[in-house]
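Single-letter residue listing:
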Amino acid sequence: MTEPSTSATADCVLQCEALSKSYPQANGRLDILNGVELAVARGETLAIVGPSGAGKTTLLHMLGGLDLPSSGCVRVNGQDISALDDRARSRLRNAELGFVYQFHHLLAEFTAVENAAMPLLIAGQARREALGAAAALLEHVGLGERLDHRPSALSGGERQRVAIARALVNQPACVLLDEPTGNLDADTAESVHALLAELNREYQTSLLVVTHDMQLAQRMDRIYRLQAGQLHEQVA
Ligand code: ADP
């Protein structure tokens, strides 16, 4: 096992240094992350694996600016996110990061194209352009015939494709994925793996995926195991 590299380079889209997270509890504190070091280069793909409860989702939340660490720092495109106020952090997250979850989290009352356009609409882009960009991306992921379907009228795999389009629509530097295929059958999961690989190649978007799915993990450039609050690179 080798320790992850932490050198900051101009091409580093997401990085954390000495990242720790603890939760207070009745008889002291619960340490979940204990000095995590990680650097994701532009266009690089990375998997984080580890047993349930190891802190993978907690780490992803810190890296995505959805929660703040107890100590240490996270940099998105070189900017230390803990130095930003809530608004600036949300803006940076919206511009530079995309998110895909196990459960798609699409909004039930909106169509596929509206859901995929949501990050652009939130960022204040004109509706027409936002919907145009989302429609182009949905066509690209094979959903050109489903633009006006609501999530309830899509299959599980189609919903996850919409969620992937939504994560990519603002052309983020990095997409963070938490068990993106955890809720899909094997064939559908395989088509999502292939789609992610294709989108990574095409857009040079970095991918950081937390997963139990070793087939997905093995498609990534590097695999890390989260163990005792630290990341260890798995040597192939
Ligand atoms: P994983 O994604 O690897 O399964 P999680 O990051 O979800 O693990 O959780 C890691 C540990 O942190 C778990 O033991 C969980 O109970 C604990 N945990 C997560 N959130 C909180 C919280 N808000 N307060 C206290 N403990 C928490």
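For the structure itself, consult the block above.
In this convention, every chain numbers its residues from 1, walking through the sequence in written order. Per-residue local features of the predicted model are confined to residues with pLDDT of at least 70, and side-chain atom pairs are confined, for both listing and counting, to 80 or more; whole-chain, interface and lining totals are unaffected and use all residues. With hydrogens and water excluded, all non-hydrogen atoms of the structure serve as input to the side-chain values.

Draft legend 1. Broad picture of the sheet that holds strand β10 (residues 230-233). Note on pairing: DSSP must find at least two bridges between two strands before they are called paired. Helical segments are the DSSP runs of H or I of at least four residues, strand segments are the runs of E of at least two, and each set is numbered from the N terminus. The strand order across the open sheet formed by 6 strands is β6-β7-β8-β3-β9-β10, and the pairing between neighbours is mixed. The two strands at the open ends of the sheet, each matched to only one other strand, are β6 (97-100) and β10. Sheet twist, expressed as the average angle between the axes of neighbouring strands with direction ignored, equals 20°. Pairing between strand β7 (residues 174-178) and strand β8 (residues 206-210): 5 bridges, direction parallel. When the sheet's bridge partners are listed, Cys174 is paired in β8 with Ser206. To obtain an axis, a line is fitted to C-alpha atoms, over the contacting stretch when the element is a helix, and the angle between two such axes runs from 0 to 180 degrees between their N-to-C directions.

Draft legend 2. Structural view of the sheet that holds strand β4 (residues 71-76). Strand order in the open sheet formed by 4 strands is β2-β1-β4-β5, and the pairing between neighbours is antiparallel. Looking at which strands have only one partner, the edges of the open sheet turn out to be β2 (28-41) and β5 (79-80). Contacts: residue pairs with any heavy atoms within 4.5 Å of one another. On the sheet, helix α1 (residues 56-63) packs against β1 (12-25), β2 and β4 and is oriented at approximately 125° with respect to β1.

Draft legend 3. Molecular detail of the site of the ligand. The immediate surroundings of the ligand are formed by Tyr23, Ile32, Pro51, Ser52, Gly53, Ala54, Gly55, Lys56, Thr57 and Thr58. At 2.7 Å from an oxygen atom of the ligand is found a main-chain nitrogen or oxygen belonging to Gly53. A distance of 2.5 Å separates an oxygen atom of the ligand from a polar side-chain atom of Thr58. Notes on the ligand: free accessible area 570 Å², of which the protein chains cover 57%. Broken down by element, the shell around the ligand gets its largest block of residues, 3 residues, from α1. We define proximity as follows: a residue is near a molecule or strand when any one of its heavy atoms falls within 4 Å of that partner. We define a polar contact as two N or O atoms separated by no more than 3.5 Å, with the added condition that, inside protein, one atom must be a possible hydrogen donor and the other a possible acceptor, whereas residues neighbouring each other in sequence contribute only through side-chain atom pairs. Using a 1.4 Å probe, the Shrake-Rupley method yields the accessible areas, and only the shown protein chains count as cover for residues.

Draft legend 4. Broad picture of the packing of helix α5 (residues 156-168) against helix α6 (residues 186-203). Running from amino to carboxyl end, α5 crosses α6 at an angle of 20°, the nearest separation of the two axes being 10 Å. Here α5 lies roughly parallel to α6, going by the angle between them. The handedness of the crossing between α5 and α6 comes out as right-handed. Listed contacts from α6 to Gly157, Arg161, Ile164 and Leu168 of α5 are Thr188, Ser191, Val192, Leu195, Leu196 and Leu199. For the contact of α5 with α6, the class distribution of residues is 6 nonpolar, 3 polar and 1 charged. Working definition: roughly parallel below 35 degrees, roughly antiparallel above 145 degrees, roughly perpendicular at 65 to 115 degrees, and oblique for all remaining angles. In this scheme the crossing of two helices becomes right-handed for a clockwise turn of the near helix relative to the far one and left-handed for an anticlockwise turn of less than a right angle. For this classification, the nonpolar set comprises Ala, Val, Leu, Ile, Met, Phe, Trp, Tyr, Cys and Pro, the charged set comprises Asp, Glu, Lys and Arg, and every other residue, Gly included, is treated as polar.

Draft legend 5. Quick look at the environment of Ala39. Considering the arrangement of structural elements, one finds Ala39 in strand β2. Buried means the residue's accessible area, taken with a 1.4 Å probe over protein chains only, is under 20% of the maximum for its type, while exposed means over 50%, and partly exposed covers the values in between. What makes Ala39 buried here is its relative accessible area of 10%.

Draft legend 6. Representation of the pairing of β2. One ladder, built from 11 bridges, connects β1 with β2; its direction is antiparallel. Each residue of the ladder has a partner; that of Cys12, found in β2, is Ala41. Adjacent in sequence and paired antiparallel, β1 and β2 are bridged by 2 residues.

Draft legend 7. Representation of the pattern of salt bridges in the model. Think of a salt bridge as a Lys or Arg side-chain nitrogen and an Asp or Glu carboxyl oxygen that are within 4 Å of each other. Scanning the entire structure with this criterion turns up 9 salt bridges. Its salt-bridge partner being Lys21, residue Asp67 comes within 3.7 Å of it at the nearest N-O pair. Placement of the pair is Asp67 in the loop between α1 and β4 and Lys21 in strand β1, with a sequence separation of 46 residues. The class of Asp67 is partly exposed, set by a relative accessible area of 29%.

Read these as geometric descriptors, not functional statements.
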